[in-house]
Amino acid sequence: GEVVFPAQSPARGAHNLELDELTPLTRVGWPHDGGEARLLCRLDTGAQRTQLYDRFYRRFLDLLDSTTSPETRKTGGVGGVRELTVRVLRRVHFVLGDTTIVLDSADVLTRPIARDRSADYLDCNLGHDVLDAFAGYIINFRAMEFALR
């Protein structure tokens, strides 16, 4: 794609961007059962698809086990290719500020992938299936804001 630097930043003031060293994180809402859970997610511009991590699975174990079935996925990254057991969540909705994100499906990992349990604090990894569903996105480090447009 392309990087565009607007003359002025949009005045939204969401302050929904955080940094873990050099990794951008954002919080999204996941509407379910009449409420909305807040999820901490990595913005991963190198990932094709959004994944929900085992922390999310543990938080919503009963719901996920009763509404999904286990499947096996091959996944690859810096550490190589491996097979993982996942639960496939269909028609996933996330809310980022005033924007609703709808995915056909997202894999929910059922086991930790972090080597160190203290690094297991994220609920999900937002990939290109989210980013490409919109005309563009803004990562504003000065205002600490992430916005989809």
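Going by the structure above, here's the rest.
Residues numbered from 1 in each chain as written. Predicted model: local features only at pLDDT ≥ 70, side-chain atom pairs only at ≥ 80, totals over all residues. Heavy atoms only, no water.

A.B. asks: Break down the packing of aromatic side chains for me, citing the residues and quoting the values.
C.D. replies: In the structure shown here, the tally under the stated rule is four aromatic pairs. Summarising the aromatic geometry, the rings of phenylalanine 56 and phenylalanine 60 are spaced 5.0 Å apart at their centres and angled 50° between planes, so their arrangement reads as tilted. Both residues of the pair, phenylalanine 56 and phenylalanine 60, belong to the buried class. Aromatic side chains tyrosine 137 and phenylalanine 146 sit 6.1 Å apart centroid to centroid with 55° between the ring planes, which places their arrangement in the tilted category. Overall, phenylalanine 146 belongs to the buried group, its relative accessible area being 3%. In textbook terms, an aromatic cluster arises when at least three aromatic residues are bridged by ring pairs, as seen for Trp30, Phe56 and Phe60. (Phe/Tyr/Trp six-rings, centres within 6.5 Å; stacked < 30°, edge-to-face > 60°. Buried < 20%, exposed > 50% of the residue type's maximum accessible area, 1.4 Å probe, protein only.)

A.B. asks: If you had to explain the pairing of strand S2 (residues 23-32) to someone new, which residues and values would you point to?
C.D. replies: Most of S2 is tucked away: seven of the 10 residues are buried. Note that strand S1 (residues 17-20) and S2 share four bridges and pair antiparallel. Counted as the bridge partner of glutamate 18 is leucine 25 from S2. As consecutive antiparallel partners, S1 and S2 are separated by two residues, and within that stretch glutamate 21 has a phi angle of approximately 55°, a positive value. In terms of strand pairing, S2 meets strand S3 (residues 35-43) through eight bridges, oriented antiparallel. Considered in S3, the bridge of histidine 32 is made with glycine 35. Linking two consecutive strands that pair antiparallel, namely S2 and S3, is a turn of two residues; a positive phi of about 45° is found at aspartate 33 within it. (Helix = DSSP H or I, 4+ residues; strand = E, 2+ residues; numbered from the N terminus. Pairing = 2+ DSSP bridges.)

This is a description of form; function is not addressed.
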